[in-house]
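A structural walkthrough
Here's the letter readout for the chains.
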Amino acid sequence: MGRITLDKVQKSFGDVEVIPPLDLEIEDGEFVVFVGPSGCGKSTLLRLIAGLEDVTGGDITIDGTPATDLPPAKRRLAMVFQSYALYPHMSVRKNIAFPMKMAGIPQDEQARRIDNAARVLNLTDYLDRRPGQLSGGQRQRVAIGRAIVREPAAFLFDEPLSNLDAALRVGMRLEISELHKRLATTMIYVTHDQVEAMTMADKIVVLRAGHIEQVGSPLELYRTPRNLFVAGFIGSPRMNFIDGEDASSRGAHTIGVRPEHLAVSDSDGVWRGTVGVAEHLGSDTFFHVHFDGRDEPITVRATGEVALKHGDTVWLTPDEDRIHRFDQQGLRI
Amino acid sequence: MATQHSRAAARVMIAPSVILLLAWMLVPLLMTLYFSFLRYNLLMPGANPFVGFENYTYFLSDPAFQTAIVNTLLLVGGVLVITVVGGIAVATLLDQPMWGTGLVRIMVISPFFVMPTVSALVWKNMFMNPVNGLFAWIADVLGMAAFDFLTQAPLASIIGIVSWQWLPFATLILLTAMQSLDSEQLEAAEMDGASAWARFWHIKLPHLARAITVVVLIQTIFLLSIFAEILVTTNGGPGTASTNLTYLVYAESLLRFDVGTGSAGGVVAIILANIVAIFLMRMIGKNLDA
Ligand SMILES: Nc1ncnc2c1ncn2[C@@H]1O[C@H](COP(=O)(O)OP(=O)(O)OP(=O)(O)O)[C@@H](O)[C@H]1O
Ligand SMILES: [Mg+2]
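Quick caveat, the model's predicted, so the values are computed rather than measured. (Residues numbered from 1 in each chain as written. Chains lettered and ligands numbered in written order. Predicted model: local features only at pLDDT ≥ 70, side-chain atom pairs only at ≥ 80, totals over all residues. Heavy atoms only, no water.)

A short note on the interface of chain A and chain B
- The interface of chain A with chain B comprises 22 residues on the first partner and 15 residues on the second.
- Carbon and sulfur atoms supply 62% of the area buried between chain A and chain B, which totals about 1,600 Å² over both sides.
- The interface formed by chain A and chain B includes 3 salt bridges.
- Among the salt bridges present, the one from Asp-192 of chain B reaches Arg-150 of chain A, with a minimum N-O distance of 3.9 Å.
- Applying the counting criterion to the chain A and chain B interface returns 7 residue pairs in polar contact (both at pLDDT 80 or more).
- Counting residues per element, the ones that place at least two in the side of chain A that touches chain B are α1 (42-50), β6 (77-80) and α2 (92-103) of chain A.
- Class assignment for the residues of the side of chain A that touches chain B results in 15 nonpolar, 3 polar and 4 charged. (Contact = heavy atoms within 4.5 Å. Buried area = accessible area lost by both parts, 1.4 Å probe. Salt bridge = Lys/Arg side-chain N within 4 Å of Asp/Glu carboxyl O. Polar contact = N/O pair within 3.5 Å; in protein donor to acceptor, adjacent residues only side chain to side chain. Helix = DSSP H or I, 4+ residues; strand = E, 2+ residues; numbered from the N terminus. Nonpolar A, V, L, I, M, F, W, Y, C, P; charged D, E, K, R; others polar.)

Considerations on the sheet that holds strand β4 (residues 57-62) of chain A
All names here are of chain A.
- Reading across the sheet, the 4 strands line up as β2-β1-β4-β5 and stay open at both edges, with antiparallel pairing between neighbours. Two strands lie at the open edges of the sheet, namely β2 (16-26) and β5 (65-66), each paired on one side alone.
- As paired strands, strand β1 (residues 4-13) and β2 are joined by 7 bridges and run antiparallel to one another. Each residue of the ladder has a partner; that of Lys-11, found in β2, is Ile-19.
- Against the sheet, α1 touches β1, β2 and β4, its axis set at about 120° to β1. (Pairing = 2+ DSSP bridges. Axes fitted to C-alpha atoms, helices over the stretch in contact; angles between N-to-C directions.)

What about the site of ligand 1?
Residues and elements named next belong to chain A.
- Around ligand 1, the neighbouring residues are Phe-13, Val-18, Ser-38, Gly-39, Cys-40, Gly-41, Lys-42, Ser-43, Thr-44, Glu-159 and His-192.
- Residue Glu-159 places a side-chain N or O atom 3.2 Å away from an oxygen atom belonging to ligand 1.
- Computed on the free molecule, ligand 1 has an accessible area of 640 Å², of which 55% lies beneath the protein chains in the complex.
- Broken down by element, the residue count for the shell around ligand 1 peaks at 3 residues, all from α1. (Near = heavy atom within 4 Å. Areas by Shrake-Rupley, 256 points an atom, 1.4 Å probe, with all protein chains shown as cover.)

Concerning a nonpolar patch on the surface
All names here are of chain B.
- A cluster of nonpolar side chains, namely Met-13, Ile-14, Val-18, Leu-20, Leu-22, Trp-24, Met-25, Leu-26, Leu-29, Leu-30, Leu-33 and Ile-270, defines an oily patch on the protein surface of about 1,200 Å² accessible area.
- Per-element accounting of the nonpolar patch gives the leading share, 11 residues, to helix α1 (residues 4-35).
- The topology assignment puts Ile-14 in helix α1. (Patch = residues over 30% accessible without salt bridge, like charges linked within 9 Å, V, L, I, M, F, W, Y side chains within 5 Å.)

Overview of the confidence of the model for chain B
- Of all residues in chain B, 99% have pLDDT values of 70 or greater, and the mean over the chain is 86.
- At the level of chain-chain contacts, confidence expressed as ipTM amounts to 0.82, with global pTM at 0.80. (pLDDT = per-residue confidence, 0-100.)

Below you can see the structure in the form of structure tokens.
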């Protein structure tokens, strides 16, 4: 129960077309992540689905029923906002109860669902506090609790973790993934963090300027990016792009090599360069290697600790099977 | 102020202003208190003997006193209700995106810039006058008898005039508070299935609680001492129908030149204001806590 279809959905603010006509199919129970650079229209697309923004053209269907003209409350979707949007004057319990109160659900059923949500989200001890007396992570959980109790057809998340610190973010990421496994409800999740996208998604939708650049599972996008944009956006650190002689000898305009698909040697290899900055993470080391006649350094990942330092000469060898080739238009060959 | 030393220094630093403020308030207060125990009538020069509570008994047993208390409370309460309810309504309207909002806002604020005497005179002569007033003309056009507002409903008319003056203030404060509401909260409520009315009741109104408290407290301070509007329109009459405590004190001390009774009335007014303040803080003061 949570199949969402977008058919030529389009959105303009005044004369500015933010989302050109766009088709997208979201299957029941899927965890879909919208990623893209800032301002590409992720939030707008989510708000169109939620009904907080009216479409300029096209149709939205939820579970087979046309939803384009339905008000937000009738679409059976629950949204978790980036600012959490908790009601500051209500206790946590009242916050979570609010959508049920609006729907006229009986008191005892309300209490049952609140207890359930509080248990799942570890909020039992905080039910009588106000949002102002909670930490960021706890507020986040209250916002999720408020969404869960409605038993919606799908959850919409707009960058829910961007206000949390790094450690908490990893924790909440796991909690949301776990929640998805448990509830098996469709979730649409907006982020500009490609690590969140890779780790959580069943299906990633990469957006640029309102266009869908590619849709696929995280590994599909990683292995076969359809164009230069997706190739550069998915994967961390970024893929290295090389054109010129090396590319044309492989029958491409540009070739892309991921940092983890380059072998490092201090004696021999295909490309010879000098080590610039080295980032030691313990488990991995990232080297920025400079080449004559190339502005940008090439990033290389070496596992473990490697004893190379600034100014050393290194040889890099790409894994030929894993070189991505792109044509003049930036499309994958 | 972590240390004993800096705390002492802080006391010394703020002492001058505290002393100045105290003197500023205490000297007139103490003089009023002192006069209130004297027989002191400007028409009867000579000795001003100490008479104990005679002035107080006189003032409190005056039949006009009870009317004045009731009128004061009615005036304050009536204006508060009208300005808060009206202010919320007007602020809600002004908060809607519409053409010409800037101009409308300035027009709504403008009554606040008209001084009380002038606005009361304008109301008295141009609107409420039973012969030449606008309302009389409207009644005439509709074929009804003109209503003499200031004679037949003096207190209600004054409440109307004062409300008109204070509505902009309430609107302005409530409007800024309304605009500080996070729009995502309203959107969340919308997704949670709240109707426009439920959003107003459960989200907007609680958000306004603090602003409403501020409006009520500030206005109460000023409304307890309404004077000019009464002086220019009804002179407290007919009879004592529109006399409030401030006006009664004025009538005692300046119309009858009785400084002693006037001072006693002033002290009574201070006590009344404090009682009102205590009640108000009990009722709504908790809204001001963060
Ligand atoms: N109400 C609006 N009126 C006009 N333009 C808007 C409005 N809302 C968004 N836009 C424009 O639409 C584009 C997409 O905005 P959107 O908020 O969807 O970006 P986003 O992908 O969510 O970015 P971010 O990652 O920074 O949140 C932006 O260029 C923005 O300026
Ligand atoms: Mg956004």
